[in-house]
Amino acid sequence: MKKMIFGLIFLFSQILFASNKIGISQGVSSPSSTSTINFSNGFTIENPVGVLYQEGIRLTGQFTNGNSTTIGGEAGIANKRFGAAVGVTTYDCDGCDSRASLAVGGEFRGIGFGLRFGESLYGLGVLVNPHGQHRIGFVADVNNGDDVTISSFAAGYSYVSQSFTFSVDASNATFDDDNIEDTLILLTPGLAFNIEFITISVSYDIRLNDDNNTSSDNDLWFGVGIAPSNSWNVMVYSEYANDIAVAASFYF
């Protein structure tokens, strides 16, 4: 009987682990299932393996406000081993086009693999032990812009328990541009706490090797999420994808 009870507790904890609803660190070793496509923090995109954490069919509406205003949406579907999601973002600025991206992922023998496709942006993600306590993630992507090509790579580690998640991800960006010679490095430790149906995440971006001061200062950012039901949740962020970012997800 005790073995059965402990087995049920372990199974419940694995389901809870798999949710990954809130954004933390750079989303390399602990990607968010509610904003896999349109939100990102770091020099790489969010790990596309995050599509595995969706719960059935997902629809998400998103809004950000700060230097610019964006409105976006994501739709995805997943089972225990495969997932896919598509997202679109529109920008409130002159001459700005909408951006659409697609991510697909699968898990094989305890390792998750994901691909990301978008206009001028392509990425590959790997996540070792995606449903366990100790997770190691990798992301590599290439952004072919109009004037410069940016190649980025990221690696990270997450410890996931029933009550909290600790994550630390690091990424770099190499610019194929004669005017920028440095390879920039971003290190982001983060913590997320689960309190019943409320989740709080706090992360701190530390910029290294930035002698030319091409990026802004170090940043502390946080998120608060509520998930009172399995059918919907809302995540609100400060200084994440923008000054303010909101993602509301519904599941079917």
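Conventions adopted
- Residues numbered from 1 in each chain as written.
- Predicted model: local features only at pLDDT ≥ 70, side-chain atom pairs only at ≥ 80, totals over all residues.
- Heavy atoms only, no water.
- Helix = DSSP H or I, 4+ residues; strand = E, 2+ residues; numbered from the N terminus.
- Buried < 20%, exposed > 50% of the residue type's maximum accessible area, 1.4 Å probe, protein only.
- Salt bridge = Lys/Arg side-chain N within 4 Å of Asp/Glu carboxyl O.
- Phe/Tyr/Trp six-rings, centres within 6.5 Å; stacked < 30°, edge-to-face > 60°.
- Contact = heavy atoms within 4.5 Å.
- 1 Å grid on protein atoms, 1.4 Å probe; cavity = no way out; pocket = protein on both sides within 12 Å on 5 of 7 lines; lining within 4 Å.
- Points joined across faces, edges and corners; volume = space filled by probe spheres on them.
- Nonpolar A, V, L, I, M, F, W, Y, C, P; charged D, E, K, R; others polar.
- Pairing = 2+ DSSP bridges.

J.: Before we move on, can you summarise unusual backbone geometry with the specific residues and values?
T.: One non-glycine residue, Ser 120, adopts positive backbone phi at about 70 degrees. Summarising the element assignment, Ser 120 is placed in the loop between strand 5 (111-118) and strand 6 (121-128). We classify Ser 120 as partly exposed; its relative accessible area is 26%. Positioned with a positive phi, Asn 129 is a non-glycine residue whose angle comes to about 60 degrees. Relative to the elements of secondary structure, Asn 129 occurs in the loop between strand 6 and strand 7 (134-144).

J.: Describe the pattern of salt bridges, listing the residues and the values that go with them.
T.: Two side chains that carry opposite charge are able to pair once their charged atoms sit near each other. Taken as a whole and judged by the stated rule, the model has three salt bridges. Arg 58 serves as the salt-bridge partner of Glu 74, at 3.0 Å between the closest nitrogen and oxygen. Note that Glu 74 is positioned in strand 2 (residues 69-78) and Arg 58 in strand 1 (residues 56-65), a separation of 16 residues in sequence. Across the pair, exposure class does not vary: Glu 74 and Arg 58 are buried alike.

J.: Provide a residue-level description of the packing of aromatic side chains, including the pertinent values.
T.: Applying the stated rule across the entire model yields eight aromatic pairs. Summarising the aromatic geometry, the rings of Phe 82 and Phe 108 are spaced 5.8 Å apart at their centres and angled 70 degrees between planes, so their arrangement reads as edge-to-face. Of this pair, Phe 82 sits in strand 3 (residues 82-91) while Phe 108 sits in strand 4 (residues 99-108), and the two are 26 residues apart along the sequence. The exposure class of Phe 82 is partly exposed, given its relative accessible area of 42%. When its relative accessible area of 40% is taken as the criterion, Phe 108 is described as partly exposed. Centroid distance Trp 221 to Tyr 240: 4.5 Å. Interplanar angle 20 degrees. Geometry classified as stacked. Residue Trp 221 is found in strand 12 (residues 219-229), and its partner Tyr 240 is found in the loop between strand 13 (232-238) and strand 14 (244-251); the two are separated by 19 residues along the sequence. According to the relative accessible area criterion, Trp 221 is buried, its value standing at 0%. By the ring-pair criterion, three or more aromatic residues cluster together here, those being Phe 39, Trp 221, Tyr 237 and Tyr 240.

J.: Now, about the environment of Gly 123: what can you tell me, with residues and values included?
T.: Among the structural elements, Gly 123 can be located in strand 6. Using a relative accessible area of 9% as the deciding quantity, one classes Gly 123 as buried. Leaving out residues up to four positions away in the same chain, Gly 123 has contacts with Ile 45, Gly 114, Leu 115, Arg 116, Ala 140 and Asp 141.

J.: Quick one: what's the story with the layout of surface pockets, residue by residue and with numbers?
T.: The volume enclosed by the largest pocket comes to roughly 1,400 Å³. Looking at the largest pocket, it is lined by 44 residues, and the ones nearest its centre are Ser 40, Gly 42, Tyr 91, Arg 99 and Ala 241. Secondary-structure elements contributing two or more residues to the lining of the largest pocket are strand 3, strand 4, strand 5, strand 7, strand 8 (149-160), strand 9 (164-176), strand 10 (183-195) and strand 11 (198-208). Considering every element that reaches the lining of the largest pocket, the biggest residue donor is strand 4, with three residues. A per-class count over the lining of the largest pocket returns 15 nonpolar, 19 polar and 10 charged.

J.: Let's hear about the pairing of strand 12: which residues, and what values?
T.: Note: strand 11 against strand 12, eight bridges, orientation antiparallel. From the neighbouring strand, Ser 203 faces strand 12, where its bridge partner is Trp 221. Sheet topology places strand 12 next to strand 13; six bridges connect them, and they run antiparallel. Within strand 13, the position partnered with Gly 223 by the bridge is Tyr 237. Turn length for the strand 12-strand 13 hairpin, with the two strands adjacent in sequence and antiparallel, is two residues.

J.: Quick rundown of empty space enclosed by the protein? Include the residues and the values.
T.: Within this structure, the stated rule accounts for one cavity of 30 Å³ or more. Approximately 40 Å³ is the volume found for the largest cavity. Taken together, Asn 38, Phe 39, Gln 62, Phe 63, Thr 64, Thr 70, Ile 71, Gly 72 and Thr 89 make up the lining of the largest cavity. Of the residues that constitute the lining of the largest cavity, the class distribution is three nonpolar, six polar and no charged.

J.: Residue-level account of the pairing of strand 11, with values.
T.: In the sheet, strand 10 pairs with strand 11 via nine bridges, with the strands oriented antiparallel. Looking at the pairing, Ile 185 lines up with Leu 208 of strand 11. Between strand 10 and strand 11, which pair antiparallel one after the other, the connecting turn spans two residues, and Glu 196 there sits at a positive phi close to 55 degrees.

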